[in-house]
Amino acid sequence: MRWKKFTLTTTTEAVDLISSMFDEIGIEGIEIEDNTPLTEAETKGMFIDILPELPPDEGIAKVSFYLDPDSDVDIEEMLKRVEEGLDELALFTDLGVRTLETSETEDKDWINNWKQYFKPFTVDDILIKPTWEEIPEEHKDKLLIEIDPGTAFGTGQHETTQLCIRQLKKYVTPDTKILDVGTGSGILGITALKLGAKEVFGTDLDENAIVAVKENMEANDISDDKFRVLKGNIIDDEDVKQEVGFEAYDLVVANILADIIIILQKEIPVHMKKGAIFITSGIINMKEEAVKKAFSENEAFELVEITYQGEWVSVTVRKK
Ligand SMILES: C[S@@+](CC[C@H](N)C(=O)[O-])C[C@H]1O[C@@H](n2cnc3c(N)ncnc32)[C@H](O)[C@@H]1O
């Protein structure tokens, strides 16, 4: 298949904001070449969960993405959204030369290039491992989660996913019914079930997430009655809201971007039981205050805890 490759030349400073914006408008599988060595803090601040290999020379940053000309994606419309997104970012960050070059590529395997960077790792007493790797001898006693995110988000390596996992560990009991908004690979729902939760309902806007969740359920021996997954937007789709159900959940988890959490927190209380927990992340530290303000203005919630990892923040609240 010939993919169309688009390469945006920009500044190191803008790379994490651009990758977040691409994620929001539905562009997946970006590649980053950055000839300026990033500081550890900058690397950690990117909202992608497989980090790129960075050459050590001085230079400018390039962010590439691929579109399939034979798919349903309207390339012209997508490029218009990219330009609009860049216009918005240009108001508060230096985007550099901001040129967008187009080329064609035969590289069928760009989708799988990230796999070489995904190795087994632990989050406390949980071992997260790619489905294609062996269990390391020294981790045989850990709670095993097997993941192949495909083209969905959620290897578990991102700080925000780990923040959510640590919060899940605190609140999951055998009676917990969970709503996992923005389920991606299903990693949070699957971890919750492995921790003993009763059942999970996952939603995502991304069709690839639905496929990935099904595959990861199989890899982790999770039956269909334990984890239902639905493509759609709980924020503004009445059918999705009905399907998800009202006053039904003991715990909601959403690891999405801060701006989405701010919108989502208004819609979620109707789906939660009284006293239920809402774990949120995807919040970069510069957006912490905005998210806290939104929650404090929502009478449905009381603040439980704020946790941090690297540049990222997780806010946990309870429905009053
Ligand atoms: C950062 S990923 C998190 C994936 C996984 N839950 C994790 O923690 O690793 C965010 C996911 O939210 C999805 N998403 C974004 N906005 C959404 C919305 N309004 N409703 C449902 N999913 C959404 C994206 O498609 C993406 O899969």
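A brief report on the enclosed structure follows. Keep in mind that what you see is a predicted model, and the values were worked out from it rather than measured. (Residues numbered from 1 in each chain as written. Predicted model: local features only at pLDDT ≥ 70, side-chain atom pairs only at ≥ 80, totals over all residues. Heavy atoms only, no water.)

1. A word on the pairing of strand β14 (residues 312–319)
Within a regular strand, side chains alternate between the sheet's two faces.
Logical step 1: Across the 8 residues of β14, 7 count as buried, placing the element largely inside the fold.
Logical step 2: Pairing of strand β12 (residues 272–284) with β14, which is carried by 6 bridges, proceeds in the antiparallel orientation. Each bridged residue has a counterpart across the sheet, and for isoleucine 283 the counterpart in β14 is valine 313.
Logical step 3: Pairing analysis gives 8 bridges linking strand β13 (residues 301–309) to β14, with the strands arranged antiparallel. Opposite threonine 307, over in β14, you have serine 314 as the bridge partner.
Logical step 4: The turn linking β13 back onto β14 is made up of 2 residues, and glycine 310 within it adopts a positive phi angle of 55 degrees. (Buried < 20%, exposed > 50% of the residue type's maximum accessible area, 1.4 Å probe, protein only. Helix = DSSP H or I, 4+ residues; strand = E, 2+ residues; numbered from the N terminus. Pairing = 2+ DSSP bridges.)

2. Quick word on helix α1 (residues 15–25)
Logical step 1: Of the positions making up α1, those classed as buried are Val15, Ile18, Ser19, Ser20, Met21, Phe22 and Ile25.
Logical step 2: Glycine 26 sits one or two positions beyond α1 and adopts a positive phi of about 95 degrees.

3. Observations regarding the site of the ligand
Logical step 1: As a matter of local geometry, the ligand sits amid 18 residues, with Thr161, Gly182, Asp204, Asn233 and Asn255 nearest to it.
Logical step 2: Take threonine 183: an N or O atom from its main chain is 3.4 Å from a nitrogen atom of the ligand.
Logical step 3: In this structure, an oxygen atom belonging to the ligand sits 2.8 Å away from a side-chain N or O atom of asparagine 255.
Logical step 4: For the ligand, the protein covers 93% of the area, taking 600 Å² as the surface of the free molecule.
Logical step 5: When grouped by side-chain class, the residues that make up the shell around the ligand number 8 nonpolar, 8 polar and 2 charged. (Near = heavy atom within 4 Å. Polar contact = N/O pair within 3.5 Å; in protein donor to acceptor, adjacent residues only side chain to side chain. Areas by Shrake-Rupley, 256 points an atom, 1.4 Å probe, with all protein chains shown as cover. Nonpolar A, V, L, I, M, F, W, Y, C, P; charged D, E, K, R; others polar.)

4. What to know about the layout of surface pockets
By rolling a water-sized probe across the atoms, one finds the places where empty space is left.
Logical step 1: Computed from the structure, the second largest pocket encloses a volume of approximately 510 Å³.
Logical step 2: Forming the boundary of the second largest pocket are 21 residues, of which Ser20, Glu24, Leu89, Asp259 and Lys287 lie nearest the centre.
Logical step 3: Those elements giving two or more residues to the lining of the second largest pocket turn out to be α1, α3 (75–90), α8 (258–267) and β12.
Logical step 4: The element contributing the most residues to the lining of the second largest pocket is α1, with 6 residues.
Logical step 5: Residue-level mapping places the lining of the second largest pocket at the junction of two domains, with at least three residues from each of domain 1 (3–113) and domain 2 (148–319). (1 Å grid on protein atoms, 1.4 Å probe; cavity = no way out; pocket = protein on both sides within 12 Å on 5 of 7 lines; lining within 4 Å. Points joined across faces, edges and corners; volume = space filled by probe spheres on them. Domains from an automatic or database assignment.)

5. Examining the sheet that holds strand β9 (residues 199–204)
Logical step 1: Ordered in space as β10-β9-β8-β11-β12-β14-β13, the 7 strands form an open sheet in which the pairing is mixed. What marks the edges here is a single partner per strand, and that holds for β10 (227–231) and β13. Pairwise comparison of adjacent strand axes, ignoring direction, gives a mean angle of 15 degrees for this sheet.
Logical step 2: Along the sheet, α8 contacts β8 (177–181), β11 (249–255), β12 and β13; its crossing angle with β12, the most-contacted strand, is approximately 160 degrees. (Axes fitted to C-alpha atoms, helices over the stretch in contact; angles between N-to-C directions. Contact = heavy atoms within 4.5 Å.)

The quantities given are spatial measurements derived from coordinates; they are silent on function.
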